[in-house]
Amino acid sequence: MESLENMSFLDEKRLIKHVDMQDVLMNMVKGCYYLNSKMEFVFINKAAEAMIEKPKAELLGACMWDVLPNYIGTDVYKYYNKAYDEQEIQTFEIVTEYSKRDVEIRVIPDKNGILSIFTDITEKKKYEEEQMYIEKIRIIGEMAAGVAHEVRNPLTIVKGFLQVISENDDLSDYKDIFALMIDEMNRVNNIISEFLDIAKVKPNKIEFNDLNGIIKTLNPLLETRALKENKFIHLELSSIPTIKIDQNEIRQLLLNMVSNSLDAMKPHDSVVIKTYIKEGTVVLSIIDSGKGIPPEINDRISTPFVTSKENGTGLGLAICYAIAKRNNATIDFVSSPDGTTFNIRFTH
């Protein structure tokens, strides 16, 4: 390489520009790396070191497809090769194959290789999904409020007439049919009530409450339902502080979630209700040994009308998620064919 003393002014400017650009890329907030024409790592910046799935020392000088083979055949493979072959910038989003993060990638080619600039958009995606869920709930709320009065009034009138007619001795042969019709009307009325529960903007009464106390008070009711089906409820309650919640809403959440767990289980199985503190947060866990949640609905479990039950409305869990949000809590779950654990984390 030509010595610095013998460099022309133009060469020196190019060197300064090159060094400045490397410094900019090395310290930029977004992750980036440069691959040569053989798709070998030539440069990796600090942000990329934190985001990529393997250490920098293992990557530099190695072909990307050799050290990260899971990307072969994916959009990364497709767009990287397309960018270099066609010398056109490519922009796309992926879920990383190793760390399972949402990433937006911009690929800038030149004749010597490609520069990949990427941003972790996991939190952005999560926020967008939350906003979509909130919008769905808002629409459902507007629908519920709009139709509840109009539907309930005629239902009440028809139900009243059916009850009167069912008492007529001349129509005694139809008593079972009348009873079925009244039950179905009650079911419609309950669904409307569930709509309105989802649509509520905030709880009625947020105040400091003893979560363990709420569980103990509700437990006899839960056990009665479980024992009728030869199933069991076990409590594992740790010492936890009082938290600001609406106790009536948390009772409803417990009833819904434990009922779902009991529905998923066979006789002699058990539901465990646990409370504990993790990382300074109060956690309520509901653990069952049922058949698990079908993988195809995992991502939509909080969406109204999504259910794996043959006769379910798909509103029970949607109500629970809405209650959790109103009570400054989040819900996450782990499910397998051996059972499901729901965790309600109260973020106060």
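Above this note sits the structure.
Fair warning: this is a prediction, and the values are worked out from it, not measured in the lab.

Q: Can you help me understand a nonpolar patch on the surface in this one?
A: Judged by side-chain polarity, I157, F161 and I165 come together as a nonpolar surface patch covering roughly 300 Å² of accessible area. The residue I165 is located in helix α6 (residues 122-166) in this model. For I165, a relative accessible area of 33% puts it in the partly exposed group.

Q: Looking at this structure, I do not really get the pattern of salt bridges. What am I missing?
A: Close approach of charged atoms allows side chains with opposite charge to pair. Scanning the entire structure with this criterion turns up seven salt bridges. Of the charged contacts, one joins E229 and R225 as a salt bridge, the two residues approaching to 2.8 Å between their closest N and O atoms. Residue E229 is classed as partly exposed on the basis of its relative accessible area, which comes to 29%. Two residues, R345 and D332, come together in a salt bridge whose shortest N-O distance is 2.6 Å.

Q: I would appreciate a short explanation of a negative patch on the surface in the present structure.
A: On the surface, a cluster of negative charge is made up of E123, E128, E129 and E130. Positionally, E123 belongs in helix α6. Take E123: its relative accessible area is 53%, and that puts it in the exposed class.

Q: What exactly am I supposed to notice about the pairing of strand β4 (residues 102-110) here?
A: Remark: a regular strand shows side chains that alternate across the two faces of the sheet. Bridge count between strand β3 (residues 90-95) and β4: six bridges; the pairing is antiparallel. Considered in β4, the bridge of Q90 is made with V107. Linking β3 to β4, which pair antiparallel, is a turn of six residues; within it K100 sits at a positive phi near 55°. The turn joining β4 and strand β5 (residues 113-120), which pair antiparallel and follow one another in sequence, is formed by two residues.

Q: Even after reading the chapter, I still don't get the environment of S238, so can you show me in this structure?
A: Position of S238 among the secondary structure elements: in the loop between β7 (232-237) and β8 (243-245). It is 5.2 Å that separates the C-alpha atoms of S238 and Y276, two residues lying 38 residues apart in sequence. Contacts of S238, omitting those with residues within four sequence positions, involve N212, T275 and Y276. A distance of 2.9 Å separates a polar side-chain atom of S238 from the backbone oxygen of T275.

Q: Would you explain unusual backbone geometry in this entry?
A: What you tend to see is this: most non-glycine residues have negative phi, and most peptide bonds are trans. In this model, M39 sits at a positive phi of 60°, which is unusual for a non-glycine residue. Within the element layout of this structure, M39 appears in the loop between β1 (31-36) and β2 (41-44). Its identity as a non-glycine residue notwithstanding, N230 has a phi of 60°, on the positive side. Position of N230 among the secondary structure elements: in the loop between α8 (211-228) and β7. When its relative accessible area of 32% is taken as the criterion, N230 is described as partly exposed.

Q: I would appreciate a short explanation of the packing of α8 against helix α9 (residues 247-264) in the present structure.
A: The relative placement of two packed helices is expressed as an angle between their axes plus a distance between the axes. Where α8 contacts α9, the two axes come as close as 10 Å, and the packing angle between them is 40°. α8 and α9 meet at a crossing whose hand is right-handed. Every residue of α9 that contacts α8 at L211, I214, I215, T217, L218, L221, L222, R225 and A226 is listed here: Q247, I250, R251, L254, L255, V258, S259, L262 and D263.

Q: Explain the sheet that holds β4 to me, please; I cannot follow it from the model alone.
A: Pairing is antiparallel in the open sheet, where five strands are placed in the order β2-β1-β5-β4-β3. Edge strands, defined here as strands with exactly one partner in the open sheet, are β2 and β3. The average undirected angle you get between the axes of adjacent strands in this sheet is 20°. Strand contacts of helix α5 (residues 75-86): β1, β3, β4 and β5, with the helix running at about 165° to β3, the strand carrying the most contacts.

Q: What is the right way to look at α5 in this model?
A: Structurally, the α-helix is built with 3.6 residues per turn, so residues lying three or four positions apart point the same way. The first and last C-alpha atoms of α5 sit 16 Å apart over 12 residues, in line with the 16 Å expected at 1.5 Å per residue. Buried residues of α5: V76, Y79, Y80 and A83, and no others. Down the axis of α5, the smallest arc covering the buried residues is 100°, so these residues share one side. Buried residues along α5 sit against β1, α4 (64-67), β3, β4 and β5.

Q: Explain the sheet that holds strand β9 (residues 270-278) here, please?
A: Whether parallel or antiparallel, the strands of a sheet pair through hydrogen bonds between backbone atoms. Overall, mixed pairing links the five strands, which are arranged β7-β9-β10-β12-β11 in an open sheet. Unpaired on one side and paired on the other, β7 and β11 (329-336) mark the two borders of the sheet. Strand-to-strand twist across the sheet, computed as the mean angle between neighbouring axes with direction ignored, equals 15°. Across eight bridges, the pairing between β9 and strand β10 (residues 281-288) is antiparallel. Counterpart to V272 in the pairing with β10 is I287. Set on the sheet, α8 makes contact with β7, β9, β10 and β12 (339-346); between it and β7 the angle comes to about 165°. Packed on one face of the sheet, α9 meets β7, β9, β10 and β12 and runs near 30° to β10.

Q: What should I look at first to understand the nonpolar core in this one?
A: Grouped burial of nonpolar side chains is what soluble globular proteins tend to show. In this structure, L211, L254, V258, I273, L284, I344 and F346 are the most contacted members of the largest nonpolar core, which totals 35 residues. Elements with a minimum of two residues in this core: α8, β8, α9, β9, β10, α10 (316-326), β11 and β12. Membership of the second largest hydrophobic core comes to 26 residues, among which are L59, M64, Y80 and F92.

Cut-offs applied
- Every chain's residues receive numbers from 1 upward, in the order its sequence appears when written.
- Only residues with pLDDT of 70 or above have their local features reported here, since the model is predicted, and side-chain atom pairs are shown and tallied only from 80 upward, although totals for entire chains, interfaces and linings are computed over all residues.
- Side-chain numbers here rest on the full set of heavy atoms in the structure, without hydrogens or water.
- Every patch collects residues that have over 30% relative accessible area and no salt bridge, joining them within 9 Å if they carry like charges and within 5 Å if they are nonpolar side chains (Val, Leu, Ile, Met, Phe, Trp, Tyr).
- Computed with the Shrake-Rupley method and a 1.4 Å probe, the accessible areas treat only the protein chains shown as cover for residues.
- A carboxyl oxygen of Asp or Glu within 4 Å of a side-chain nitrogen of Lys or Arg is what we treat as a salt bridge.
- We count a stretch as a helix when DSSP gives it H or I for four or more residues in a row; a strand needs E for two or more, and each element gets its number in order from the N terminus.
- With a 1.4 Å probe rolled over the protein chains alone, any residue whose accessible area is under 20% of its type maximum counts as buried; one over 50% counts as exposed, and the rest are partly exposed.
- Charged residues are defined narrowly, with Lys and Arg counted positive, Asp and Glu counted negative, and His plus the chain ends left uncounted.
- Lysine's charge is taken at NZ, arginine's at CZ, aspartate's at CG and glutamate's at CD.
- Here a strand pair is declared whenever DSSP counts at least two bridges between the two strands.
- Between two residues, a contact is recorded if the distance between any of their heavy atoms is within 4.5 Å.
- Throughout this description, a polar contact denotes any pair of N or O atoms lying within 3.5 Å of each other; where both atoms belong to protein, one of them has to be capable of donating a hydrogen while the other can accept it, and for residues adjacent in sequence the pair is counted only when both atoms sit in side chains.
- Fitting a line to C-alpha atoms yields each axis, with helices limited to the stretch in contact; the angle taken between N-to-C directions then spans 0 to 180 degrees.
- What makes a crossing left-handed is the near helix being turned counterclockwise from the far one by less than a right angle; a clockwise turn instead makes it right-handed.
- Helix span, as expected, comes to 1.5 Å for every residue beyond the first.
- This arc describes the spread of directions from the helix axis toward the C-beta atoms.
- Buried residues of nine kinds, namely Ala, Val, Leu, Ile, Met, Phe, Trp, Tyr and Cys, make up a nonpolar core once their side-chain atoms join them within 4.5 Å.

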